[in-house]
Amino acid sequence: MGEVIVITSGKGGVGKTTTSANLGCGLAIAGKKVALVDADIGLRNLDVVMGLENRIVYDLVDVVEGKCRLKQALIKDKRYAGLYLLPAAQTRDKDAVSPEQMQKLCENLKEEEFDYIIIDCPAGIEQGFKNAIAGADRALVVTTPEVSAVRDADRIIGLLEANELPNPSLILNRVRPDMVDRGDMMSMDDVTEILAIDIIGVVPDDESIVVQTNKGEPAVTVESSKAGQAYRNITQRILGNDVPLMEFKQEETFMNKLKKLFHKG
Amino acid sequence: MITFVTDNEKKNSPLEDESPDIGLSQKGQPVEKIIEQAEAENEAQSKSENAQNAEKTENSADSNNNSVTEEKIKDIIEKEFSITEHTAKFHKGNLRNGMFMEYDGSLVILGDVNAGAEVKATGNILILGALKGIAHAGCNGNTDAFVFALSLIPVQLRIGNIITRFPDGDSKVNRKPEYAYVEDGKIYVSPFE
């Protein structure tokens with residue numbers, strides 16, 4: 001039986017879509033059958049990030065309204081066996097779907113023998129959010145180490161608990177180890193202290209994310225990418241394997257050594 | 001009634017009073033009214049002043065209907081005779097951003113009250129955790145109420161009709177249990193020892 005995972009955050013721009021794409025790809029590479037569902041109706045992005053925009057014929061709203069069969073709307077990713085995308089409608093809004101319809105959709109996807117169904121939740125706490133979490137079995141909350149994002153994550157965790165989705169896991173995105181070292185950015189411990197939930201991964205701020213997103217190929221596929229490595233680790237943890245949290249060590253460049261020398265003096 | 005020995009040395013100076021331009025309101029009442037009310041009630045220190053006080057509240061509540069005036073008089077009577085016992089509600093778990101808890105009596109929270117959350121009680125508020133949001137003790141005007149927290153770093157604290165804003169900064173340093181109470185119309189914070 002498949003597991004429905006919703007990726008949510010409350011605040012926009014913290015990396016929900018990027019995380020969804022990377023985890024979906026990662027799980028598919030690990031040999032699982034994965035459906036990525038874009039629940040951000042009216043502001044769809046997941047198809048662009050996945051590089052599948054040009055193949056959309058039917059979308060989520062068409063499926064819900066019975067204009068096509070589920071299988072027709074699922075786009076198969078040719079690069080990774082077992083990876084499918086259910087795109088959102090762009091010309092409609094969040095009210096086009098109800099939580100009950102989303103629940104039914106998730107059940108239908110489970111019947112299609114998907115191992116994982118990953119739902120990319122829209123920002124905000126309104127209808128779109130309610131739709132996205134309706135059919136979910138588990139939630140991953142994405143946040144960045146900024147006060148505003150952490151506040152919104154806190155609100156989201158509260159709402160998830162109120163909607164019978166307890167114990168969400170946290171993904172801390174866009175961490176800059178150098179800034180944390182200097183004390184200019186909240187550390188993982190600071191964030192987990194405020195939110196008091198389990199952390200499932202820490203993703204460093206990485207240029208390769210932007211490069212890969214623009215290419216339409218998630219960073220998880222790039223061996224050398226640090227963020228990609230972080231997403232590969234999260235994938236392993238979702239699969240139930242115990243992987244230690246990544247440690248960020250600054251590369252010992254000549255300039256850094258010089259700076260340290262001066263600091264000691 | 002639980003009262004703290006007030007001749008304790010006050011380590012902290014009184015917190016700055018909330019200025020009306022912050023735009024806070026209590027159940028739809030305009031801020032000016034709350035402050036008028038607060039001033040009026042602060043002056044009511046003995047029963048002999050009660051009548052005068054009632055007049056004042058009536059004046060300040062011209063536009064309001066009778067029920068509101070009655071409520072206010074009831075508040076004053078309650079204050080004058082001081083409630084000796086409260087029922088208390090216990091809540092286990094963290095109160096997160098956007099959550100609101102209100103109780104007619106005292107509130108005991110076994111967990112944190114995060115920034116953006118609000119707790120309100122007619123009696124005292126005890127938080128066995130960190131208070132980072134808003135707490136309003138004695139919300140019917142009882143300034144004998146107090147707020148206790150293992151880590152008292154609220155955005156804003158209200159006791160009775162007095163509203164205070166906490167000074168910015170040093171929010172992370174504080175880890176000791178403290179309680180806040182009212183004396184001479186001002187909110188004081190003292191370490192709990």
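The structure contained in this document is the topic of the report that follows. (Residues numbered from 1 in each chain as written. Chains lettered and ligands numbered in written order. Predicted model: local features only at pLDDT ≥ 70, side-chain atom pairs only at ≥ 80, totals over all residues.)

**Structural notes on the overall build of chain A**
Stage number 1. Each helix and strand counted, chain A has twelve helices and eight strands in total.
Stage number 2. The globule rule puts the C-alpha radius of gyration for 265 residues at 18 Å, and the 19 Å found for chain A is close to it.
Stage number 3. Each of the 265 residues in chain A was classed as buried or not, and the buried ones make up 48%.
Stage number 4. Contacts in chain A between residues at least 24 apart in sequence constitute 75% of all its contacts with a sequence separation of at least 6. (Helix = DSSP H or I, 4+ residues; strand = E, 2+ residues; numbered from the N terminus. Rg over C-alpha atoms; globule rule 2.2 N^0.38 Å. Buried ≥ 20, exposed ≤ 12 C-beta atoms within 10 Å, placed from the backbone. Contact = placed C-beta atoms within 7 Å.)

**Structural notes on the interface of chain A and chain B**
Stage number 1. Contacts between chain A and chain B engage seven residues on the former and eight residues on the latter.
Stage number 2. The leading source of residues in the side of chain A that touches chain B is helix α7 (residues 147-162) of chain A, at five residues.
Stage number 3. Here the side of chain A that touches chain B is built from residues that sort into three nonpolar, one polar and three charged. (Nonpolar A, V, L, I, M, F, W, Y, C, P; charged D, E, K, R; others polar.)

**Some words on unusual backbone geometry**
All names here are of chain A.
Stage number 1. Positive phi values are uncommon outside glycine, yet E164 reaches one of about 60°.
Stage number 2. Positionally, E164 belongs in the loop between α7 and β7 (169-175).
Stage number 3. A residue is classified by how many C-beta atoms lie within 10 Å of it, and E164, with 8 of them, is exposed.
Stage number 4. For R174, which is not glycine, the phi torsion reads 60° and is therefore positive.
Stage number 5. By the element assignment, R174 lies in strand β7.
Stage number 6. Among the residues examined, R174 registers 22 C-beta atoms within 10 Å and is labelled buried.

**A look at the packing of helix α5 (residues 99-111) of chain A against helix α6 (residues 127-134) of chain A**
Residues and elements named next belong to chain A.
Stage number 1. As a packed pair, α5 and α6 sit with axes 7 Å apart at the nearest point and diverge in direction by 30°. In this view, α5 runs roughly parallel relative to α6, as classed from their interaxial angle. Read as a crossing pair, α5 and α6 show a hand that is right-handed. Residues P99, M102 and Q103 of α5 pack against K130, N131 and A134 of α6.
Stage number 2. Grouping the amino acids of the contact of α5 with α6 by side-chain chemistry returns three nonpolar, two polar and one charged. (Axes fitted to C-alpha atoms, helices over the stretch in contact; angles between N-to-C directions. Parallel < 35°, antiparallel > 145°, perpendicular 65-115°, else oblique. Left-handed = near helix turned anticlockwise from the far one by under 90°.)

**Concerning the environment of V49 of chain A**
Residues and elements named next belong to chain A.
Stage number 1. Assignment of secondary structure puts V49 in helix α2 (residues 46-49).
Stage number 2. Linking V49 and T18, residues 31 residues apart in sequence, is a C-alpha distance of 7.2 Å.
Stage number 3. Dropping the residues within four chain positions of it, V49 is found in contact with T17, T18, A21, T213 and G216.

**Quick look at the environment of L170 of chain A**
All names here are of chain A.
Stage number 1. Structurally, L170 is set in strand β7.
Stage number 2. Residue classification places L170 among the buried residues on the basis of 24 C-beta atoms within 10 Å.
Stage number 3. As a C-alpha pair, L170 and V57 span 113 residues in sequence and 34 Å in three-dimensional space.
Stage number 4. Here L170 is in contact with V141, T143, T192, L195, I197, D198, I199 and I200, once residues within four sequence places are set aside.

**Details of the nonpolar core**
All names here are of chain A.
Stage number 1. Counting 78 residues, the largest nonpolar core has V6, V34, I117, I118 and I119 as the members making the most contacts within it.
Stage number 2. Among the elements that take part in this core, α7 stands out by supplying seven residues, more than any other.
Stage number 3. If sequence neighbours within four positions are ignored, V34 has contacts with G24, L27, A28, G82, L83, Y84, F114, D115, Y116 and I118. (Core = buried A, V, L, I, M, F, W, Y, C linked by C-beta atoms within 7 Å.)

**A few points about the environment of L95 of chain B**
Residues and elements named next belong to chain B.
Stage number 1. Tracing the sequence through the fold places L95 in the loop between β1 (88-92) and β2 (100-103).
Stage number 2. Judged by the 25 C-beta atoms lying within 10 Å of it, L95 falls in the buried class.
Stage number 3. Along the primary structure L95 and F146 are separated by 51 residues, whereas in three dimensions their C-alpha atoms are 19 Å apart.
Stage number 4. For L95, the residues in contact, after removing those within four places along its chain, are M101, I109, G111, V113, N114, A117 and V119.

**Considering helix α1 (residues 16-29) of chain A**
Stage number 1. With 14 residues, α1 of chain A ought to run about 20 Å at 1.5 Å a step, and its terminal C-alpha atoms sit 20 Å apart, in line with that.
Stage number 2. Buried residues dominate α1 of chain A, accounting for 13 of its 14 residues. (Expected span 1.5 Å × (residues − 1).)

**Brief notes about the sheet that holds strand β9 (residues 162-165) of chain B**
Strand pairing in a sheet takes place through backbone hydrogen bonds and is either antiparallel or parallel in direction.
Residues and elements named next belong to chain B.
Stage number 1. The five strands lie next to each other as β2-β4-β6-β8-β9, forming an open sheet whose pairing is mixed. Each having just a single partner strand, β2 and β9 make up the two edges of the open sheet. Neighbouring strand axes in the sheet, compared pairwise and without regard to direction, differ in orientation by 10° on average.
Stage number 2. Pairing geometry for β2 and strand β4 (residues 118-121), over four bridges, is parallel. Along β4, the bridge assignment pairs F100 with E118. (Pairing = 2+ DSSP bridges.)

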